[in-house]
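The residues making up each chain are set out below.
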Amino acid sequence: METYAPCSKCNRLNRIPLNADPRGGGSRPEPVCGACKIPLPVHGAVVEVSAEGLERLIAKSPVPVVVDFWAPWCGPCRMFAPTYSSVAGEFSGRYVFAKVDTEANPAAGDRHRIRSIPTLAIFKNGGEAQRQSGAMDANGLKQWLGLR
Ligand SMILES: [Zn+2]
């Protein structure tokens, strides 16, 4: 199990090994950038990205990237977060599970023409392959991702 996280300082895409236990253990040290050693915002198996980091991740990730476009003021977004985390914990390696706060990073929402949140999108080979607006339950999310 692994994921990939872009560094906000040096732009390096870091490979992050994840705990094999899908419930997540408390033992994993906080991931840091391999080049400049600053902490990387990886929460469980979900990678938090900025607008620039998102583009870096989409361009460079060796596996497809799922992105949750959300905002802190959005109730359905907050309700969806645990579902997203849990599916990410189970299936990282097949996908990178990223999230971008569109309030803190309006450029990300503009660039990808996000009209409502939450919106989920899958990026493959540098381009958008699929998108879905509105939260899903865990089974719906897995089905949408082709994981069941
Ligand atoms: Zn760095």
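Description of the structure in this document. None of these values were measured; they are calculated from a predicted model. (Residues numbered from 1 in each chain as written. Predicted model: local features only at pLDDT ≥ 70, side-chain atom pairs only at ≥ 80, totals over all residues. Heavy atoms only, no water.)

Across the sheet, six strands lie side by side as 3-4-6-5-7-8; this open sheet has mixed pairing. The sheet is open, and its two borders are formed by strand 3 (42-43) and strand 8 (127-133), each paired with just one other strand. Both strand 7 (residues 119-124) and strand 8 contribute to a ladder of six bridges, which runs antiparallel. Within the sheet, the bridge partner assigned to Phe-123 lies in strand 8 and is Glu-128. Running at roughly 155° to strand 6 (residues 96-101), helix 2 (residues 75-91) makes contact with strand 4 (46-48), strand 5 (65-70), strand 6 and strand 7 of the sheet. (Pairing = 2+ DSSP bridges. Helix = DSSP H or I, 4+ residues; strand = E, 2+ residues; numbered from the N terminus. Contact = heavy atoms within 4.5 Å. Axes fitted to C-alpha atoms, helices over the stretch in contact; angles between N-to-C directions.)

Helix length check: helix 2, at 17 residues, gives a terminal C-alpha distance of 25 Å against a target of 24 Å (1.5 Å per residue), a fit within 8%. Within helix 2, the axis deviates most sharply at Ala-81, by approximately 35°, and proline Pro-82 lies no more than four positions further along. All buried positions along helix 2 are accounted for by Cys-77, Phe-80, Thr-83, Tyr-84, Val-87, Ala-88, Gly-89 and Phe-91. Where helix 2 is buried, its residues touch strand 4, strand 5, strand 6, strand 7 and helix 4 (138-144). Where helix 2 terminates, the next one or two residues include Gly-93, which has phi positive at roughly 115°. (Expected span 1.5 Å × (residues − 1). Bend = angle between axes of the 7 residues up to and from the residue. Buried < 20%, exposed > 50% of the residue type's maximum accessible area, 1.4 Å probe, protein only.)

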